[in-house]
Amino acid sequence: MQKRNIAKCLAILLFSCLATAQGQDQKKIKEKPITNLPSASRRSDAARFRVTLLGFVVNHETRDTVLETDGKRDEVFQVPVVLSFDRDRGLEMLSFSVFGPVFGDTNNHPTYTRAGSASNRGGLRTGDGFPDARPWECRTPPGPGFGFPAVLFEGDLRPIHNAAVIIPSLWEWDGNQELFNNYMDKIEGALPTIRLNVGHILAVDDRYEFRPRAATEFGLEGAVTMDQRLVDMRNRPIGMKGFGPGQFGFQPQVLVLTYEGARNIVGRDIGFGPGVIEVRYEEPRELEGNYSLYLKVERIP
C-alpha cells in the first residue's frame, strides 16, 4: 500500500514538471516578435531625392485663333503645384498659386522666352520639343524659377512617413488669368481629400509606384471648366476633355513620390532613361492639343 502511494506521488510530481515546462514553451511562442511590421531600421531609413521637370514635346499644337494675337501657333507656361505630406505635420504647400514665364513667339511680346520653330522668333508647333528636341535626355541644366528644366521638389523622404505630391500642368497663354484662379481655388478645396489619399498610399505597400494618377482619386475632377465655344481668350490648361453637356473640363494628373517609389524609379528605364517618366495631356479634336511632359527623379548624395 505504501509503495503504491509513493508511486502515485511520483506520478503527480512528474506531471506537474511536464505541465510547467509546456507552459514555459507556450510563453516563449507568445513572446515571439512580430516580423511582418516594418523594422525599426527600415522606419529610420531616409534618402534625399530631386524631381526635375525636364521639358516638353508638342505632339500636336492646340487650336489657335485665326489672328494669332498671342503669337504664332502655341505660347505656353507651366503651373506647378507641389505639396509635402508628413504623418506628423500633415500637408504643406511648397509651390502653389505660381506660374512660370511664357514660351513661344517673341514677336511683339518682349517678355516671352523664344521657343519653337513656327517663325524666326519662335512659336510652338507640332513636332517641337523644348528646351531640346529630346528633352528627356537632360542636356540643359535647370535654371532659376519655373522655366525648363525646373526643379519641382528636393527633399528627404522616409519609408511610410512622408511623400511629395506633384501636380504638373502646361497652359496655353491668351492673357486672361480667370481660369488659373479657379484652378487654385479647386486645389485648395481638395486639400483634405489629397491628404487622406496620400496617407492611404503610404500605408499600402503595392501603391507606391511613381506614376500619374487620376484626378478623381484626389477630388480634382473638373478642376477647370469652360464652355465648348470656338473662341475663348482665357489662359487654359492643355489636356481639357468633354465634361458634361456643352463643357470642357481639365483633370490634372497627380504624382505621389514616396521613399519606396523614388528608390524604384531611379533605377528603372521605361524608355526615356533611368528615372524619367512621361506625363501626357491629350485633347479631343475640338481643341487639338497633345503635349508630353518629362520628369526625372534622382537620388541626391
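In what follows, the structure referred to is the one given above.
Residues numbered from 1 in each chain as written. Predicted model: local features only at pLDDT ≥ 70, side-chain atom pairs only at ≥ 80, totals over all residues. Heavy atoms only, no water.

Peer 1: Quick question: what am I supposed to make of the overall build of the protein chain here?
Peer 2: Scanning the protein chain for helices and strands turns up five helices and 17 strands. Taking the contacts inside the protein chain whose residues are at least 6 apart along the sequence as the reference set, 71% of them involve residues at least 24 apart. Accessible area of the protein chain: about 15,700 Å², with a carbon and sulfur share of 52%. (Helix = DSSP H or I, 4+ residues; strand = E, 2+ residues; numbered from the N terminus. Contact = heavy atoms within 4.5 Å. Areas by Shrake-Rupley, 256 points an atom, 1.4 Å probe, with all protein chains shown as cover.)

Peer 1: Would you mind going over the pattern of salt bridges with me for this structure?
Peer 2: Side-chain pairs of opposite charge can arise where the charged atoms are in close proximity. Under the defined criterion, the tally for this structure stands at 16 salt bridges. As a salt-bridge pair, Asp86 and Arg89 come within 3.7 Å of each other at their nearest N and O atoms. Classification of Asp86 as buried rests on a relative accessible area of 6%. Here the salt bridges do not stand alone but share partners, grouping Arg48, Arg50, Glu154, Asp156 and Glu298 into one network. (Salt bridge = Lys/Arg side-chain N within 4 Å of Asp/Glu carboxyl O. Buried < 20%, exposed > 50% of the residue type's maximum accessible area, 1.4 Å probe, protein only.)

Peer 1: Any chance you could explain the packing of helix α3 (residues 178-189) against helix α4 (residues 191-203) here in plain terms?
Peer 2: Helix packing geometry: the angle between the two helix axes and the distance between the axes. Look at α3 against α4: their axes get within 5 Å of each other, and the N-to-C directions meet at 50 degrees. Comparing the axis directions of α3 and α4 gives the class oblique. Of the residues in α4, those in contact with Ile187, Glu188 and Gly189 of α3 are Leu191, Pro192 and Ile194. Residues belonging to the contact of α3 with α4 are distributed by class as follows: four nonpolar, one polar and one charged. (Axes fitted to C-alpha atoms, helices over the stretch in contact; angles between N-to-C directions. Parallel < 35°, antiparallel > 145°, perpendicular 65-115°, else oblique. Nonpolar A, V, L, I, M, F, W, Y, C, P; charged D, E, K, R; others polar.)

Peer 1: Would you mind showing me how to read the side chain of Asn290 here?
Peer 2: The topology assignment puts Asn290 in strand β17 (residues 290-300). The buried category is assigned to Asn290, whose relative accessible area is 9%. Here the side chain of Asn290 touches Glu282 through a polar contact of 3.4 Å, side chain to side chain. Residues in contact with Asn290, not counting those within four places in the same chain, are Val57, Val58, Asn59, His60, Arg280, Tyr281 and Glu282. (Polar contact = N/O pair within 3.5 Å; in protein donor to acceptor, adjacent residues only side chain to side chain.)

Peer 1: Explain the sheet that holds strand β3 (residues 81-86) to me, please; I cannot follow it from the model alone.
Peer 2: Each strand in a sheet pairs with its neighbour through backbone hydrogen bonds, running either in the same direction (parallel) or in the opposite one (antiparallel). Taken in spatial order, the four strands make up an open sheet running β4-β3-β9-β15, and their pairing is antiparallel. Because the sheet does not close on itself, it has two edges, and the strands there are β4 (90-95) and β15 (255-258). For this sheet the average axis-to-axis angle between neighbouring strands, irrespective of direction, equals 25 degrees. Each of β3, β4, β9 (162-167) and β15 is contacted by α4, which is oriented at about 55 degrees to β3, the strand it contacts most. (Pairing = 2+ DSSP bridges.)

Peer 1: Mind showing me how you'd approach unusual backbone geometry here?
Peer 2: As a rule of thumb, non-glycine residues mostly have phi less than zero, and peptide bonds are mostly trans rather than cis. Backbone torsion omega between Phe130 and Pro131 reads 5 degrees, so that peptide bond is classified as cis. Residue Pro149 is reached from Phe148 by a cis peptide bond, and omega for that bond is -5 degrees. Note that Pro149 resides in the loop between β7 (129-130) and β8 (150-157). The residue Ser97 is not glycine, and still its phi comes out positive at about 60 degrees. Mapped onto the fold, Ser97 is located in the loop between β4 and β5 (103-104). We classify Ser97 as partly exposed; its relative accessible area is 41%. With a phi angle near 65 degrees, Asn108 is a residue other than glycine that sits in the positive phi range. As for its position among the elements, Asn108 is in the loop between β5 and β6 (113-114).

That is the geometry; function is a separate question.
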